[in-house]
Amino acid sequence: MRELLLVCAWRTGERCGVRLRFTLVFAQRIIARDRWDREALIEPASAFDVVVDSDWVAALAECITPEHRHFSIITDAFVFHLVAKTYEIELDDAAPETPSRRPIVPERSTGRGPGWALTRAPSEQVVPVETPLGTLHCRDAIYLWEASLSLSPAHLVLEGEIGGHAFRPNQRRGVYLGYRVRFVDVVLIHVTELDASHHEDLPSSVSQFDEVIASPWAEMFAREGAPKLRFFVLRAYDDVFRILCQDMELSLLEETT
């Protein structure tokens, strides 16, 4: 079950805690709210929308079911766009009994959906991320067990295992190493299920974890006077992550067999 859980506070009459759980999530686009104006997005109807006639859903039609929909969620820190099949809402038990206890149903906004595509540019250069054991290769190199996004500060942490056979030149067959990679001060996250990623114009793959140099997306989201953004592409076993951030930290953890 591919799930995304958002825990936040909403004001629907009165402030209350909300847990939004999306299931069978196929694609996600998460943008820092203070950079929202850098992209031509649909006009939201509310903080929680279903986007009808979405070009994004249409582009993924061969990979998803007819029940999949494009959802838009606006929080104080990030704007979330995702293609998912179902959603559930739970209100915090500690929230007061007010009109906000009425069922929360998304508004419907009409538009082409996120028409943006993370396209390549001739100036881009793709280089592999060097780990303590070398570069990562092989389709089954990186397994992802958990992804967590903190809002203040905006850090994305991915945790899982890397097969020892995937390291070049230091192959260690039959061995798996835990990893933890932290993306610091995240501006944009784009996650696509592996099968759907074939419908997108991905940068050429040098390894399973690459950095894209001179990416137009880093320039688009840059702030004047701020450090340059870095653009990473991580290809896990089931998902392709594209991440714009200020920096990245990778740690290899315990060894298993």
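Criteria and cut-off values
- Residues numbered from 1 in each chain as written.
- Predicted model: local features only at pLDDT ≥ 70, side-chain atom pairs only at ≥ 80, totals over all residues.
- Heavy atoms only, no water.
- Helix = DSSP H or I, 4+ residues; strand = E, 2+ residues; numbered from the N terminus.
- Buried < 20%, exposed > 50% of the residue type's maximum accessible area, 1.4 Å probe, protein only.
- Pairing = 2+ DSSP bridges.
- pLDDT = per-residue confidence, 0-100.
- Contact = heavy atoms within 4.5 Å.

Enquirer: For this particular structure, what's the right way to read unusual backbone geometry?
Expert: Where the residue is not glycine, phi is negative for most of them; where a peptide bond is considered, it is trans in most cases. Following Arg168, the chain continues to Pro169 via a peptide bond in cis, the omega torsion being 10°. Tracing the chain through its elements places Pro169 in strand β13 (residues 167–169). Here Asp53, not a glycine, exhibits a phi torsion of approximately 55°, which is positive. Mapped onto the fold, Asp53 is located in the loop between β4 (48–52) and α1 (55–59).

Enquirer: Would you take a moment to explain the pairing of strand β17 (residues 230–235) for this structure?
Expert: A regular strand places its side chains so that they alternate between the two faces of the sheet. For β17, a buried count of five out of six residues is recorded, marking the element as mostly surrounded by other parts of the structure. Judged from the four bridges that link them, strand β16 (residues 209–213) and β17 form a sheet pairing that is antiparallel. Its bridge partner lying in β17, Phe209 is registered against Leu234. In terms of strand pairing, β17 meets strand β18 (residues 239–245) through six bridges, oriented antiparallel. The residue of β18 that forms the bridge with Val233 is Arg242. Linking β17 back to β18 in an antiparallel pair, the connection comprises three residues.

Enquirer: Even after reading the chapter, I still don't get the confidence of the model for the protein chain, so can you show me in this structure?
Expert: Close reading of the predicted structure is inappropriate where its pLDDT is low. Of the residues in the protein chain, 80% reach a pLDDT of 70 or more, and the chain-wide mean stands at 82. Looking at the elements of the protein chain, mean pLDDT is at its lowest for helix α2 (residues 194–197), recorded as 64, and at its highest for strand β14 (residues 176–184), recorded as 95. In this model residues 96–101 is a low-confidence stretch, pLDDT under 50, and it forms 13 contacts with partners more than four residues away in sequence or in other chains.

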